[in-house]
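# Secondary and tertiary structure notes
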Amino acid sequence: MADDLNSMRTPLGRVRFLGSARSGMREDWLMRVTSAALVPLTIAFVWLILSLLSKDYNGARAELGHPFPAILMMLFVLAGIYHMQIGMRSIIADYIHGRAREWALMANLVFAAALALACIYAVLRIGFV
Amino acid sequence: MAATDAAPTPRARPLSPHLSVWRPTMTYVMSIVHRITGGALYIGVLLLAWFLLATSMDATAFGVASACLNSILGRLVLLGFTWALFHHMLGGIRHIIWDAGYGMDKPQREWLAMGTLIGGFVLTIIVWAIGLAVY
């Protein structure tokens, strides 16, 4: 990098046209899309959980085995976990620095992916097994 | 990039003031609470995954998960989760309103912040009242 202090180029000139973090805008937009989707999904999710409270094992399985609650739950999980993965990424970017940040970013991705897969797998298993 | 990191700084760069410098305002405190509730929900989703996996397995696993979530500690955690969920949702709606270009002036943004705080508690109380009545 041209970080030479004797360079005639200004700091702005050195970084101009190199772009931002490149995918920042897309992430920012997806954060907003998922947040908008999560408003109705959260209300529906809370409704679904309330309807599960009075049910035993078989009742809960029957409820979650219906297509509508099952799809609702999977939508909530997918939008929610994608949303929280982006959110945690910005928290990590704010508070963790250096090599630890790279590990934290990877752990965040693994955690989110594992959690999403576990939830989706469980809902599908309830419906089909 | 270690070589460039080690390069001498010509002079101290101006920094933005740190949190301790600011007088706490409603909007700034709600901004921090939004992040904290988001972080709590991040961990809290583990409970949802556990509940769903237990339900997908057998009656024994379901019984263990239900009993844990229904204990005093479990209920306290779920109460906190409910509040965090609603507070964060209302905070998100506030951000959508701001993104649309509304509510950024002096009285409106204070109302929105206050509405987020009060609304979170109100929705939590309503849902738990329904839940305890249904259970």
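Residues numbered from 1 in each chain as written. Chains lettered and ligands numbered in written order. Predicted model: local features only at pLDDT ≥ 70, side-chain atom pairs only at ≥ 80, totals over all residues. Heavy atoms only, no water.

## Describing the interface of chain A and chain B
Of the residues lining the interface, 42 residues belong to chain A; the matching set on chain B comes to 32 residues. Summed over both sides, the interface between chain A and chain B buries roughly 3,200 Å², with carbon and sulfur atoms accounting for 79% of that surface. For the interface between chain A and chain B, the tally reads two salt bridges. Here A:R32 ties to B:D99 by a salt bridge, and the two come within 2.7 Å at their closest N and O atoms. Between chain A and chain B we count eight residue pairs in polar contact (both at pLDDT 80 or more) in total. (Contact = heavy atoms within 4.5 Å. Buried area = accessible area lost by both parts, 1.4 Å probe. Salt bridge = Lys/Arg side-chain N within 4 Å of Asp/Glu carboxyl O. Polar contact = N/O pair within 3.5 Å; in protein donor to acceptor, adjacent residues only side chain to side chain.)

## Quick look at the nonpolar core
With 48 residues, the main nonpolar core has A:L64, A:M73, A:I81 and B:L52 as its most contacted residues. When residues of this core are traced back to their parent elements, those giving at least two are helix 2 (24-52), helix 3 (57-65), helix 4 (67-95) and helix 5 (99-128) of chain A together with helix 2 (26-57), helix 3 (59-70) and helix 4 (72-99) of chain B. Counting residues per element, this core draws most heavily on helix 4 of chain A, which supplies 12 residues. With near-sequence residues (within four places) excluded, B:L52 lies in contact with A:L64, A:M73, A:C119, A:A122, A:V123 and A:I126. (Core = buried A, V, L, I, M, F, W, Y, C linked by side-chain atoms within 4.5 Å. Buried < 20%, exposed > 50% of the residue type's maximum accessible area, 1.4 Å probe, protein only. Helix = DSSP H or I, 4+ residues; strand = E, 2+ residues; numbered from the N terminus.)

## Topic: helix 5 (residues 106-134) of chain B
Every α-helix winds through 3.6 residues per turn, so residues three or four apart in the chain are directed the same way. The first and last C-alpha atoms of helix 5 of chain B sit 42 Å apart over 29 residues, in line with the 42 Å expected at 1.5 Å per residue. Residues B:A113, B:T116, B:G119, B:G120, B:T124, B:V127 and B:G131 constitute the buried set of helix 5 of chain B. (Expected span 1.5 Å × (residues − 1).)

## Section: a nonpolar patch on the surface
Together, A:L53, B:M114, B:I118, B:V122, B:I126, B:I130, B:V134 and B:Y135 give the surface a local cluster of nonpolar side chains, amounting to about 680 Å² of exposed area. Accessibility expressed as a relative area gives 44% for B:I126, which makes it partly exposed. (Patch = residues over 30% accessible without salt bridge, like charges linked within 9 Å, V, L, I, M, F, W, Y side chains within 5 Å. Areas by Shrake-Rupley, 256 points an atom, 1.4 Å probe, with all protein chains shown as cover.)

## Structural notes on the side chain of A:R61
Tracing the chain through its elements places A:R61 in helix 3. Despite its burial, A:R61 remains without a salt bridge, the nearest opposite charge being carried by B:D58 at 8.3 Å. The contacts of A:R61, once residues within four sequence positions are left out, are A:R125, A:I126, A:V129, B:T55, B:S56 and B:M57. (Lys, Arg positive; Asp, Glu negative; His and termini not counted.)

## What about helix 4 of chain B?
If you check helix 4 of chain B, its first and last C-alpha atoms are 40 Å apart, about what 28 residues at 1.5 Å a residue would give, namely 40 Å. Just beyond helix 4 of chain B, the residue with positive phi is B:G101, at close to 95°.

## Some points on the packing of helix 2 of chain B against helix 5 of chain B
Residues and elements named next belong to chain B. Contact geometry for helix 2 and helix 5: axes closest at 9 Å, N-to-C directions at 40°. As far as their axial angle goes, helix 5 and helix 2 are oblique. For the crossing formed where helix 2 meets helix 5, the hand is left-handed. Counted together, M26, T27 and M30 of helix 2 and R109, E110, A113, M114 and L117 of helix 5 form the full contact between these two elements. A per-class count over the contact of helix 2 with helix 5 returns five nonpolar, one polar and two charged. (Axes fitted to C-alpha atoms, helices over the stretch in contact; angles between N-to-C directions. Parallel < 35°, antiparallel > 145°, perpendicular 65-115°, else oblique. Left-handed = near helix turned anticlockwise from the far one by under 90°. Nonpolar A, V, L, I, M, F, W, Y, C, P; charged D, E, K, R; others polar.)

## Looking at the packing of aromatic side chains
Inspection of every chain in the model, using the stated rule, returns five aromatic pairs over all chains. Between A:F45 and A:F76 the ring centres are 4.0 Å apart and the planes differ by 10°, which places this aromatic pair in the stacked class. Of this pair, A:F45 sits in helix 2 while A:F76 is found in helix 4, placing the two residues 31 residues apart along the sequence. Neither residue differs from the other here; A:F45 and A:F76 are each classed as buried. Summarising the aromatic geometry, the rings of A:Y57 and B:F62 are spaced 5.6 Å apart at their centres and angled 55° between planes, so their arrangement reads as tilted. (Phe/Tyr/Trp six-rings, centres within 6.5 Å; stacked < 30°, edge-to-face > 60°.)

## A look at the confidence of the model for chain B
Interpretation of this model should avoid reading the predicted coordinates in detail wherever pLDDT is low. All names here are of chain B. Residues at a pLDDT of 70 or more form 91% of chain B, whose mean pLDDT is 90. Mean pLDDT per element in chain B: helix 1 (residues 2-5) is the minimum at 54, and helix 4 is the maximum at 97. Both scores are available for the predicted complex, with the pTM at 0.85 and the ipTM at 0.85. (pLDDT = per-residue confidence, 0-100.)

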